[in-house]
Amino acid sequence: MAYALRSFEYWAYSYRRVWRGSVVTSIVGPIFYLTAMGVGLGKLVNRGPGVGVPYLDFVAPGILAATAMQIAAFESAYPVMAAIRWTRQYYAMLATPLRTRDLLLGHQIYVAARLAAVAAIYLVVLAAFGALESPWAILAWPVAIMVGLAHSAPVSAFSAWLERDEGMNGLFRFVIMPLFLFSGTFFPVSRLPQGAREIAYATPLWNGVDLMRHLTLGTASLWPSLGHVAYLALWVAAGLALAARTYRRRLVT
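First things first, this report covers the structure right here in the doc.

Quick notes on the rules
- Residues numbered from 1 in each chain as written.
- Predicted model: local features only at pLDDT ≥ 70, side-chain atom pairs only at ≥ 80, totals over all residues.
- Heavy atoms only, no water.
- Helix = DSSP H or I, 4+ residues; strand = E, 2+ residues; numbered from the N terminus.
- Rg over C-alpha atoms; globule rule 2.2 N^0.38 Å.
- Buried < 20%, exposed > 50% of the residue type's maximum accessible area, 1.4 Å probe, protein only.
- Core = buried A, V, L, I, M, F, W, Y, C linked by side-chain atoms within 4.5 Å.
- Phe/Tyr/Trp six-rings, centres within 6.5 Å; stacked < 30°, edge-to-face > 60°.
- Axes fitted to C-alpha atoms, helices over the stretch in contact; angles between N-to-C directions.
- Parallel < 35°, antiparallel > 145°, perpendicular 65-115°, else oblique.
- Left-handed = near helix turned anticlockwise from the far one by under 90°.
- Contact = heavy atoms within 4.5 Å.
- Nonpolar A, V, L, I, M, F, W, Y, C, P; charged D, E, K, R; others polar.
- Salt bridge = Lys/Arg side-chain N within 4 Å of Asp/Glu carboxyl O.

Comments concerning the overall build of the protein chain
Item 1. In terms of regular secondary structure, the protein chain is built from 11 helices and 0 strands.
Item 2. Counted from the first residue to the last, the protein chain has its helices and strands arranged as α-α-α-α-α-α-α-α-α-α-α.
Item 3. Taken against the 2.2 N^0.38 rule, which gives 18 Å for 253 residues, the C-alpha radius of gyration of the protein chain at 19 Å falls within 12% of a compact globule.
Item 4. In terms of principal-axis extent, the alpha carbons of the protein chain reach across some 60 × 40 × 35 Å.
Item 5. Relative to its 253 residues, the protein chain shows a buried fraction of 45%.

Dropping the structure here:
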(Lines give C-alpha, C1' and ligand atoms only; values in the text may rest on other atoms or scores of the structure.)
Protein backbone atom coordinates (compact mmCIF):
# COMPACT_ATOMS: atom_id res chain seq x y z
CA MET A 1 0.00 0.00 0.00
CA ALA A 2 2.90 2.38 0.71
CA TYR A 3 4.09 2.05 -2.89
CA ALA A 4 0.53 2.57 -4.16
CA LEU A 5 0.48 5.88 -2.30
CA ARG A 6 3.58 6.90 -4.24
CA SER A 7 1.64 6.39 -7.44
CA PHE A 8 -1.25 8.34 -5.96
CA GLU A 9 1.10 11.23 -5.16
CA TYR A 10 2.04 11.50 -8.82
CA TRP A 11 -1.58 11.79 -9.96
CA ALA A 12 -2.46 14.19 -7.14
CA TYR A 13 0.54 16.40 -7.94
CA SER A 14 -0.40 16.41 -11.63
CA TYR A 15 -3.95 17.38 -10.77
CA ARG A 16 -2.75 20.38 -8.77
CA ARG A 17 -1.68 21.99 -12.03
CA VAL A 18 -4.98 21.49 -13.87
CA TRP A 19 -7.67 21.51 -11.17
CA ARG A 20 -9.05 24.89 -12.21
CA GLY A 21 -9.98 23.54 -15.62
CA SER A 22 -11.92 20.65 -14.08
CA VAL A 23 -14.12 22.86 -11.91
CA VAL A 24 -16.54 23.52 -14.75
CA THR A 25 -17.00 19.89 -15.80
CA SER A 26 -16.90 18.43 -12.29
CA ILE A 27 -18.93 20.93 -10.28
CA VAL A 28 -20.38 23.84 -12.26
CA GLY A 29 -21.74 21.65 -15.05
CA PRO A 30 -23.72 19.32 -12.76
CA ILE A 31 -25.09 22.33 -10.87
CA PHE A 32 -26.33 23.78 -14.17
CA TYR A 33 -27.96 20.42 -14.94
CA LEU A 34 -29.53 20.44 -11.50
CA THR A 35 -30.87 23.96 -11.94
CA ALA A 36 -32.18 23.41 -15.46
CA MET A 37 -33.66 19.94 -14.97
CA GLY A 38 -34.62 20.08 -11.32
CA VAL A 39 -35.82 23.66 -10.98
CA GLY A 40 -36.74 24.67 -14.54
CA LEU A 41 -38.16 21.45 -15.98
CA GLY A 42 -39.22 20.38 -12.51
CA LYS A 43 -41.89 23.08 -12.39
CA LEU A 44 -43.55 21.54 -15.43
CA VAL A 45 -43.15 17.95 -14.24
CA ASN A 46 -44.59 18.76 -10.82
CA ARG A 47 -47.80 20.07 -12.42
CA GLY A 48 -48.63 16.79 -14.13
CA PRO A 49 -48.49 13.10 -13.30
CA GLY A 50 -44.87 12.89 -12.26
CA VAL A 51 -42.65 10.67 -10.16
CA GLY A 52 -44.40 10.95 -6.79
CA VAL A 53 -41.95 13.47 -5.28
CA PRO A 54 -40.77 16.95 -6.32
CA TYR A 55 -38.75 16.49 -9.47
CA LEU A 56 -35.77 18.32 -7.97
CA ASP A 57 -35.62 15.74 -5.17
CA PHE A 58 -35.94 12.96 -7.74
CA VAL A 59 -33.29 14.11 -10.21
CA ALA A 60 -30.67 15.46 -7.78
CA PRO A 61 -29.25 12.11 -6.55
CA GLY A 62 -29.35 10.81 -10.11
CA ILE A 63 -27.18 13.66 -11.33
CA LEU A 64 -24.76 13.04 -8.46
CA ALA A 65 -24.42 9.36 -9.42
CA ALA A 66 -24.09 10.18 -13.12
CA THR A 67 -21.44 12.82 -12.37
CA ALA A 68 -19.47 10.29 -10.34
CA MET A 69 -19.62 7.88 -13.27
CA GLN A 70 -18.48 10.50 -15.78
CA ILE A 71 -15.59 11.75 -13.67
CA ALA A 72 -14.39 8.22 -12.96
CA ALA A 73 -14.65 7.19 -16.62
CA PHE A 74 -12.82 10.27 -17.85
CA GLU A 75 -10.00 9.94 -15.30
CA SER A 76 -9.55 6.27 -16.21
CA ALA A 77 -9.69 6.59 -19.98
CA TYR A 78 -7.19 8.89 -21.70
CA PRO A 79 -4.93 9.37 -18.63
CA VAL A 80 -4.35 5.61 -18.38
CA MET A 81 -3.79 5.23 -22.11
CA ALA A 82 -1.42 8.21 -22.09
CA ALA A 83 0.58 6.79 -19.18
CA ILE A 84 1.08 3.60 -21.20
CA ARG A 85 1.38 4.71 -24.82
CA TRP A 86 2.22 8.41 -25.09
CA THR A 87 3.85 9.99 -22.02
CA ARG A 88 4.78 6.52 -20.67
CA GLN A 89 4.75 7.56 -17.02
CA TYR A 90 3.88 4.01 -16.05
CA TYR A 91 7.14 2.72 -17.49
CA ALA A 92 9.04 5.38 -15.55
CA MET A 93 7.27 4.27 -12.36
CA LEU A 94 8.11 0.65 -13.06
CA ALA A 95 11.80 1.61 -13.13
CA THR A 96 11.39 2.21 -9.38
CA PRO A 97 10.34 -0.40 -6.79
CA LEU A 98 6.70 0.13 -7.83
CA ARG A 99 4.89 -2.74 -9.53
CA THR A 100 1.84 -2.84 -11.78
CA ARG A 101 -0.41 -3.46 -8.76
CA ASP A 102 0.87 -0.24 -7.16
CA LEU A 103 0.24 1.70 -10.36
CA LEU A 104 -3.33 0.47 -10.56
CA LEU A 105 -4.19 0.96 -6.89
CA GLY A 106 -2.54 4.38 -6.74
CA HIS A 107 -4.59 5.58 -9.68
CA GLN A 108 -7.81 4.20 -8.20
CA ILE A 109 -7.06 5.94 -4.90
CA TYR A 110 -6.62 9.17 -6.83
CA VAL A 111 -9.95 8.66 -8.59
CA ALA A 112 -11.61 7.95 -5.23
CA ALA A 113 -10.16 11.18 -3.82
CA ARG A 114 -11.49 13.15 -6.79
CA LEU A 115 -14.91 11.59 -6.35
CA ALA A 116 -14.92 12.24 -2.61
CA ALA A 117 -14.22 15.94 -3.10
CA VAL A 118 -16.78 16.45 -5.86
CA ALA A 119 -19.49 14.42 -4.08
CA ALA A 120 -18.99 16.37 -0.84
CA ILE A 121 -19.36 19.71 -2.62
CA TYR A 122 -22.36 18.47 -4.57
CA LEU A 123 -24.15 17.29 -1.42
CA VAL A 124 -23.63 20.71 0.16
CA VAL A 125 -25.21 22.26 -2.93
CA LEU A 126 -28.14 19.82 -2.72
CA ALA A 127 -28.67 20.78 0.89
CA ALA A 128 -28.72 24.45 -0.14
CA PHE A 129 -31.35 23.60 -2.79
CA GLY A 130 -33.41 21.81 -0.14
CA ALA A 131 -33.20 18.54 -2.08
CA LEU A 132 -32.12 16.34 0.84
CA GLU A 133 -35.11 14.96 2.70
CA SER A 134 -33.34 12.70 5.18
CA PRO A 135 -30.21 12.62 7.36
CA TRP A 136 -29.46 9.30 5.64
CA ALA A 137 -28.45 11.44 2.66
CA ILE A 138 -24.95 11.66 4.16
CA LEU A 139 -24.47 8.03 3.12
CA ALA A 140 -24.85 9.11 -0.50
CA TRP A 141 -21.28 10.40 -0.21
CA PRO A 142 -19.57 6.97 0.09
CA VAL A 143 -22.09 5.52 -2.36
CA ALA A 144 -21.04 8.12 -4.95
CA ILE A 145 -17.43 7.01 -4.51
CA MET A 146 -18.45 3.37 -4.99
CA VAL A 147 -20.43 4.23 -8.11
CA GLY A 148 -17.41 5.98 -9.55
CA LEU A 149 -15.03 3.12 -8.76
CA ALA A 150 -17.50 0.61 -10.22
CA HIS A 151 -16.89 2.37 -13.54
CA SER A 152 -13.29 3.50 -13.06
CA ALA A 153 -11.85 0.02 -12.58
CA PRO A 154 -13.43 -1.53 -15.73
CA VAL A 155 -12.60 1.56 -17.81
CA SER A 156 -8.98 1.37 -16.61
CA ALA A 157 -8.87 -2.24 -17.77
CA PHE A 158 -10.33 -1.24 -21.15
CA SER A 159 -7.90 1.66 -21.54
CA ALA A 160 -4.89 -0.54 -20.76
CA TRP A 161 -6.11 -3.15 -23.26
CA LEU A 162 -6.94 -0.71 -26.06
CA GLU A 163 -4.46 -0.46 -28.91
CA ARG A 164 -5.72 2.78 -30.50
CA ASP A 165 -7.46 5.78 -29.02
CA GLU A 166 -10.36 5.59 -31.49
CA GLY A 167 -11.93 3.07 -29.16
CA MET A 168 -12.45 5.83 -26.60
CA ASN A 169 -15.00 7.46 -28.90
CA GLY A 170 -17.06 4.29 -28.84
CA LEU A 171 -16.75 4.01 -25.08
CA PHE A 172 -18.12 7.49 -24.40
CA ARG A 173 -20.68 7.55 -27.22
CA PHE A 174 -22.15 4.08 -26.87
CA VAL A 175 -21.58 3.25 -23.20
CA ILE A 176 -21.16 6.31 -20.99
CA MET A 177 -23.73 8.52 -22.72
CA PRO A 178 -26.50 5.88 -22.86
CA LEU A 179 -25.83 5.08 -19.20
CA PHE A 180 -26.17 8.76 -18.36
CA LEU A 181 -29.48 9.06 -20.20
CA PHE A 182 -31.19 5.72 -19.55
CA SER A 183 -30.13 4.49 -16.09
CA GLY A 184 -32.75 6.30 -14.06
CA THR A 185 -31.06 9.67 -13.77
CA PHE A 186 -33.89 11.74 -15.26
CA PHE A 187 -36.88 9.39 -15.25
CA PRO A 188 -37.81 6.03 -13.70
CA VAL A 189 -36.32 3.04 -15.50
CA SER A 190 -39.77 1.44 -15.35
CA ARG A 191 -40.79 3.80 -18.18
CA LEU A 192 -38.36 2.09 -20.57
CA PRO A 193 -39.62 -0.67 -22.91
CA GLN A 194 -39.14 -4.25 -21.89
CA GLY A 195 -35.65 -5.45 -22.68
CA ALA A 196 -34.10 -2.02 -22.31
CA ARG A 197 -35.51 -1.93 -18.78
CA GLU A 198 -33.77 -5.16 -17.79
CA ILE A 199 -30.48 -3.93 -19.25
CA ALA A 200 -30.78 -0.72 -17.24
CA TYR A 201 -31.43 -2.66 -14.04
CA ALA A 202 -28.20 -4.60 -14.61
CA THR A 203 -26.01 -1.48 -14.84
CA PRO A 204 -23.98 -0.29 -11.87
CA LEU A 205 -25.17 3.26 -12.48
CA TRP A 206 -28.84 2.36 -11.97
CA ASN A 207 -27.97 0.55 -8.74
CA GLY A 208 -26.13 3.64 -7.53
CA VAL A 209 -28.89 6.01 -8.62
CA ASP A 210 -31.60 3.94 -6.96
CA LEU A 211 -29.66 3.59 -3.71
CA MET A 212 -28.76 7.28 -3.49
CA ARG A 213 -32.30 8.32 -4.36
CA HIS A 214 -33.73 6.22 -1.52
CA LEU A 215 -31.10 7.58 0.86
CA THR A 216 -31.77 11.24 0.02
CA LEU A 217 -35.55 10.72 0.15
CA GLY A 218 -35.38 8.77 3.40
CA THR A 219 -37.06 5.68 1.93
CA ALA A 220 -34.09 3.30 2.01
CA SER A 221 -34.57 -0.17 3.50
CA LEU A 222 -31.82 -2.48 4.73
CA TRP A 223 -31.77 -5.48 2.41
CA PRO A 224 -32.32 -3.71 -0.92
CA SER A 225 -29.63 -1.20 0.07
CA LEU A 226 -27.19 -3.97 0.96
CA GLY A 227 -27.99 -5.62 -2.37
CA HIS A 228 -27.08 -2.43 -4.23
CA VAL A 229 -23.84 -2.07 -2.24
CA ALA A 230 -22.89 -5.70 -2.88
CA TYR A 231 -23.56 -5.32 -6.61
CA LEU A 232 -21.43 -2.18 -6.83
CA ALA A 233 -18.67 -3.88 -4.84
CA LEU A 234 -18.80 -6.78 -7.30
CA TRP A 235 -18.21 -4.40 -10.20
CA VAL A 236 -15.31 -2.76 -8.36
CA ALA A 237 -13.70 -6.12 -7.54
CA ALA A 238 -14.21 -7.54 -11.03
CA GLY A 239 -12.92 -4.36 -12.63
CA LEU A 240 -9.80 -4.32 -10.45
CA ALA A 241 -9.09 -7.98 -11.21
CA LEU A 242 -9.46 -7.39 -14.95
CA ALA A 243 -7.40 -4.18 -14.80
CA ALA A 244 -4.62 -5.92 -12.86
CA ARG A 245 -4.45 -8.54 -15.60
CA THR A 246 -4.42 -6.04 -18.47
CA TYR A 247 -1.84 -3.86 -16.72
CA ARG A 248 0.50 -6.83 -16.34
CA ARG A 249 0.05 -7.95 -19.94
CA ARG A 250 0.59 -4.44 -21.29
CA LEU A 251 3.43 -3.23 -19.05
CA VAL A 252 5.43 -6.34 -18.16
CA THR A 253 7.42 -7.80 -21.05
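Structural notes on the nonpolar core
Item 1. In this structure, Leu34, Leu64, Tyr90, Met212 and Tyr247 are the most contacted members of the largest nonpolar core, which totals 65 residues.
Item 2. For this core, the secondary-structure elements that each account for two or more residues are α3 (55–76), α4 (78–86), α5 (89–94), α6 (100–129), α7 (140–161), α8 (166–182), α10 (204–217) and α11 (222–251).
Item 3. Here the element with the most residues in this core is α3; it accounts for 14 residues.

Looking at the packing of aromatic side chains
Centre distance and the angle of the planes are the two values used to describe a pair of aromatic rings.
Item 1. This model, assessed by the stated rule, comprises 10 aromatic pairs.
Item 2. Measuring from centroid to centroid gives 5.2 Å for Tyr10 and Trp11, while their planes differ by 70 degrees, and the two rings are edge-to-face.
Item 3. Look at Tyr90 and Tyr247: their rings are 5.5 Å apart centre to centre, the planes differ by 50 degrees, and that puts the pair in the tilted class. A residue pair is termed long-range when its members are at least 10 positions apart, and Tyr90 in helix α5 and Tyr247 in helix α11 qualify at 157 residues.
Item 4. Note on Tyr90: relative accessible area 0%, which makes it buried.

Points about the packing of α3 against α8
Item 1. Relative orientation of the contacting elements α3 and α8 amounts to 160 degrees, with a least axis distance of 9 Å. Taken together, the axis directions place α3 and α8 in an arrangement best described as roughly antiparallel. When the axes of α3 and α8 are compared, the crossing they make is right-handed. Where α3 approaches α8, its residues Ala66, Met69, Gln70, Ala73 and Phe74 are matched on the opposing element by Phe172, Ile176, Leu179 and Phe180.
Item 2. When grouped by side-chain class, the residues that make up the contact of α3 with α8 number 8 nonpolar, 1 polar and no charged.

Quick word on the pattern of salt bridges
Item 1. Summed over the entire model, instances satisfying the criterion amount to 5 salt bridges.
Item 2. With a closest N to O distance of 3.1 Å, Arg114 and Glu75 form a salt bridge. Of the two residues, Arg114 sits in helix α6 while Glu75 sits in helix α3, which places them 39 residues apart along the sequence.
Item 3. The class of Arg114 is buried, set by a relative accessible area of 8%.
Item 4. Classification of Glu75 as buried rests on a relative accessible area of 8%.
Item 5. In this structure, the salt-bridge partner of Glu163 is Arg250, at a minimum N-O distance of 3.2 Å. Here the residue Glu163 occupies a position in the loop between α7 and α8, and Arg250 occupies one in helix α11, the gap between them amounting to 87 residues.
Item 6. The network of salt bridges with common partners includes Arg85, Glu163 and Arg250.

Describing the packing of α6 against α7
Item 1. In contact at an axis separation of 9 Å, α6 and α7 are set at 145 degrees when each is read in the N-to-C sense. In the packing of α6 onto α7, the handedness of the crossing is right-handed. Between α6 and α7, the residues in contact are His107, Gln108, Val111, Ala112, Leu115, Ala116, Ala119, Ala120 and Leu123 and Ala140, Trp141, Ala144, Ile145, Gly148, Leu149, Ser152, Ala153 and Ser156, respectively.
Item 2. Looking at the contact of α6 with α7 residue by residue, the class counts come to 13 nonpolar, 5 polar and no charged.

So, unusual backbone geometry
Item 1. A positive phi angle is found at Arg88, which is not glycine, with a value near 60 degrees.
Item 2. Within the secondary structure layout, Arg88 lies in the loop between α4 and α5.
Item 3. Given a relative accessible area of 42%, Arg88 falls into the partly exposed group.

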